[in-house]
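# Inside the fold
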Amino acid sequence: MKNLETIQEFSIIGISVRTNNTDNNASVDLGVLWERFYLENIRNQIINRISEDIYCVYTDYASDYKGEYTAIIGYKVDSIDFIPDGMTSCSISQGNFLKYNVKGSIASVASVWQKIWAEDSVLNREYTADFDVYKSVSTDIDHIDMDVFVAVSLR
């Protein structure tokens, strides 16, 4: 199920990787990034987080979902004045987003993104920044409750 929502500007601090969706690159790169996120205890290094929800932001698109983009896994913060060494920040601008709620296993997340890519030509995607929000209660990869937000134009 998807709904249209207007999101206010916010900032994220986390760790990042540059990747693309061809030849399973994103799957491998994001898997390594998630592993690093937990092994390096990124949560405790971001002292100004304002939520326990984990964000995975997709931004700096070279073109569309077929091109390169930057993925950032981290937390919503109240300011980007202090960015820990080895981390980066990004701001998600106010805008209109399609919100997809995902419940199920981690495979459900991939399935939603496959659906989004298949509908790309009719969604009027902005390709500014899209993001996943893993709700703080989601700790079991077989029982995920999260939301996917895709920036769209209302033109």
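Read on for a plain summary of the structure. (Residues numbered from 1 in each chain as written. Predicted model: local features only at pLDDT ≥ 70, side-chain atom pairs only at ≥ 80, totals over all residues. Heavy atoms only, no water.)

## Let's talk about the overall build of the protein
When its secondary structure is counted, the protein shows four helices and eight strands. Starting at the N terminus and walking to the C terminus, you meet the elements of the protein as β-β-α-α-β-β-β-β-α-α-β-β. A compact globule built from 155 residues should have a C-alpha radius of gyration of about 15 Å, and the protein, at 15 Å, falls within 12% of that. In terms of its C-alpha atoms, the protein occupies a principal-axis envelope of roughly 40 × 30 × 30 Å. Scored against the burial criterion, the 155 residues of the protein give a buried share of 45%. Roughly 8100 Å² of accessible area belongs to the protein as shown, and the carbon and sulfur atoms make up 48% of that amount. Looking at the protein, you have 13 positive and 23 negative side-chain charges, and the mean spots of the two groups are 5 Å apart. (Helix = DSSP H or I, 4+ residues; strand = E, 2+ residues; numbered from the N terminus. Rg over C-alpha atoms; globule rule 2.2 N^0.38 Å. Buried < 20%, exposed > 50% of the residue type's maximum accessible area, 1.4 Å probe, protein only. Areas by Shrake-Rupley, 256 points an atom, 1.4 Å probe, with all protein chains shown as cover. Lys, Arg positive; Asp, Glu negative; His and termini not counted. Charge placed at Lys NZ, Arg CZ, Asp CG, Glu CD.)

## Considerations on the packing of aromatic side chains
Considering all chains together, one arrives at 16 aromatic pairs under this definition. Centroid distance Phe10 to Tyr55: 5.5 Å. Interplanar angle 55°. Geometry classified as tilted. Pair noted here: Phe10 is in strand β2 (residues 10–19) and Tyr55 is in strand β3 (residues 54–59), with a separation of 45 residues, a long-range link. Like Tyr55, Phe10 is buried. Between the aromatic rings of Trp34 and Tyr38, the centroid separation amounts to 6.1 Å while the plane-to-plane angle is 20°, which identifies the pairing as stacked. Here Tyr38 and Trp34 lie together in helix α1 (residues 25–39), a separation of four residues that amounts to about one turn. Note on Tyr38: relative accessible area 53%, which makes it exposed. Through a chain of ring-to-ring contacts, three or more aromatic side chains come together here, namely Tyr58, Tyr61, Tyr65, Tyr69, Trp113, Trp117 and Tyr127. (Phe/Tyr/Trp six-rings, centres within 6.5 Å; stacked < 30°, edge-to-face > 60°.)

## Notes on the pairing of strand β7 (residues 129–134)
Buried residues dominate β7, accounting for six of its six residues. The alternating pattern of β7 places Ala129, Phe131 and Val133 on one face and Asp130, Asp132 and Tyr134 on the opposite face, and all of these are buried. In this sheet, β7 lies alongside β3 in antiparallel orientation, the contact comprising six bridges. Its bridge partner being in β7, Tyr58 is matched across the sheet by Asp130. Of the pairings in the sheet, the one linking β7 to strand β8 (residues 144–152) comprises four bridges and is antiparallel in character. Paired with Tyr134 across the strands is Met146, a residue of β8. (Pairing = 2+ DSSP bridges.)

## So, the side chain of Asp147
Along the chain, Asp147 turns up in strand β8. Here Asn101 takes part through its side chain, which lies 2.8 Å from a polar atom of the side chain of Asp147. When near neighbours in sequence (up to four residues on either side) are disregarded, Asp147 contacts Lys99, Tyr100, Asn101, Phe131, Asp132, Val133 and Lys135. (Polar contact = N/O pair within 3.5 Å; in protein donor to acceptor, adjacent residues only side chain to side chain. Contact = heavy atoms within 4.5 Å.)

## Focus: the pattern of salt bridges
Following the criterion strictly, the structure yields eleven salt bridges and no others. A salt bridge links Asp145 to Lys135; the shortest N-O distance between them is 3.3 Å. Here Asp145 is found in strand β8, whereas its partner Lys135 is found in the loop between β7 and β8, with ten residues between them in sequence. Under the relative-accessibility criterion, Lys135 is labelled partly exposed at 24%. With a closest N to O distance of 3.3 Å, Lys135 and Asp147 form a salt bridge. Of this pair, Lys135 sits in the loop between β7 and β8 while Asp147 sits in strand β8; the two residues are twelve residues apart in sequence, bridging distant segments of the chain. Using a relative accessible area of 6% as the deciding quantity, one classes Asp147 as buried. Each of Glu5, Lys99, Lys135, Asp145 and Asp147 takes part in salt bridges that share partners, so that together they form one network. (Salt bridge = Lys/Arg side-chain N within 4 Å of Asp/Glu carboxyl O.)

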